[in-house]
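Fold and geometry: a report
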Amino acid sequence: MATVQAADRVLFQIFLNVGDNFVDLVPEYWRPCVISAVTGKGRQRYPNCQISEDFSLVPGVTLVASSQSDLAETAQMQKASKPMLRVGNGVTAPKVIYQQDPILSDEARHAKYQGTCVLWLVVDSAGRVRDVRVSRPLGVGLDQKAVDAILKWQFLPSRKDGEPVSIEIAVMVEFHLY
């Protein structure tokens, strides 16, 4: 027989609680987007990351600056992962040589939900994908599916002066119902 304590333990794993920090609970690739949404900082970089003011009524969510350590960690992560180069001025675009299409999450398929998730990522000088961040989330498990698929992509790297270089690019991952 289930006890009240057992039920509370289950509910505390499902729902945010007063002692929880929402930013700490989201996947790392979503964190810059969520911090931008809850703090208002970085709106130019993540204009589509928005949270309804009603969301601030949920325990664990505050639509003001999250802890300074969270903001500092995110700023450091963005700075460390942001290469200086972008396409143009003698820098060529990377070319996809292997691409895996994402699959719909069960939740999206059941809800007949489709759309486009925008990711920022680094293609390193070896053509590998790293430092993936969600810029325009879709939810219902599709962001994770987009990240899972993009991490399997391989590229011919960008070049500058004939040498392979790391570069930051935006990728749109589309989900369609067929």
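Preceding block: the structure.
Fair warning: this is a prediction, and the values are worked out from it, not measured in the lab. (Residues numbered from 1 in each chain as written. Predicted model: local features only at pLDDT ≥ 70, side-chain atom pairs only at ≥ 80, totals over all residues. Heavy atoms only, no water.)

1. A few points about the pattern of salt bridges
Applying the stated criterion across every chain, the model contains 4 salt bridges. The salt bridge partner of Asp106 is Arg109, with a shortest N-O separation of 3.4 Å. With Asp106 and Arg109 both in helix α5 (residues 106-111), this residue pair falls 3 residues apart, about one helical turn. Judged by its relative accessible area of 43%, Arg109 falls in the partly exposed class. Ionic pairing is found between Arg133 and Glu168, a salt bridge with its closest N-O pair at 2.6 Å. Of the two residues, Arg133 is situated in strand β3 (residues 129-136) and Glu168 in strand β7 (residues 167-175); the sequence distance between them amounts to 35 residues. (Salt bridge = Lys/Arg side-chain N within 4 Å of Asp/Glu carboxyl O. Helix = DSSP H or I, 4+ residues; strand = E, 2+ residues; numbered from the N terminus. Buried < 20%, exposed > 50% of the residue type's maximum accessible area, 1.4 Å probe, protein only.)

2. Focus on helix α3 (residues 31-39)
Counting buried residues in α3 gives 9 out of 9 residues, a clear majority hidden from the surface. Burial in α3 covers these residues: Arg31, Pro32, Cys33, Val34, Ile35, Ser36, Ala37, Val38 and Thr39. Two residues or fewer past α3, Gly40 is found with a positive phi of approximately 85 degrees.

3. Remarks on the sheet that holds β7
With antiparallel pairing, the 3 strands of this open sheet are ordered in space as β3-β2-β7. At either end of the open sheet lies a strand with only one pairing partner, and these are β3 and β7. Taking each pair of neighbouring strands and ignoring which way they run, the sheet shows an average axis angle of 30 degrees. Strand direction decides the pairing type here: strand β2 (residues 115-123) and β7, joined by 9 bridges, are antiparallel. From the neighbouring strand, Leu119 faces β7, where its bridge partner is Val171. (Pairing = 2+ DSSP bridges. Axes fitted to C-alpha atoms, helices over the stretch in contact; angles between N-to-C directions.)

4. Comments concerning the layout of surface pockets
Here the largest pocket defines a volume of roughly 200 Å³. Lining the largest pocket are Gln99, Asp101, Pro102, Ile103, Leu104, Trp153, Met172, Val173, Glu174, Phe175, His176 and Tyr178. Residue composition of the lining of the largest pocket, grouped by class: 8 nonpolar, 2 polar and 2 charged. (1 Å grid on protein atoms, 1.4 Å probe; cavity = no way out; pocket = protein on both sides within 12 Å on 5 of 7 lines; lining within 4 Å. Points joined across faces, edges and corners; volume = space filled by probe spheres on them. Nonpolar A, V, L, I, M, F, W, Y, C, P; charged D, E, K, R; others polar.)

5. Concerning unusual backbone geometry
A positive phi is found at Lys112, a non-glycine position, where the angle reads about 55 degrees. Within the fold, Lys112 resides in the loop between α5 and β2. Look at Lys112 and you get exposed, because its relative accessible area is 66%. The backbone of Val140 shows a phi angle near 45 degrees, a positive value even though the residue is not glycine. Mapped onto the elements, Val140 comes out in the loop between β3 and α6 (142-150). Overall, Val140 belongs to the partly exposed group, its relative accessible area being 37%.

6. Structural notes on the environment of Thr116
Tracing the backbone through its elements, the reader meets Thr116 in strand β2. When its relative accessible area of 22% is taken as the criterion, Thr116 is described as partly exposed. Linking Thr116 and Phe175, residues 59 residues apart in sequence, is a C-alpha distance of 6.1 Å. Look past the residues within four positions of Thr116 in its chain and what remains in contact with it is Arg136, Leu138, Met172, Val173 and Glu174. (Contact = heavy atoms within 4.5 Å.)

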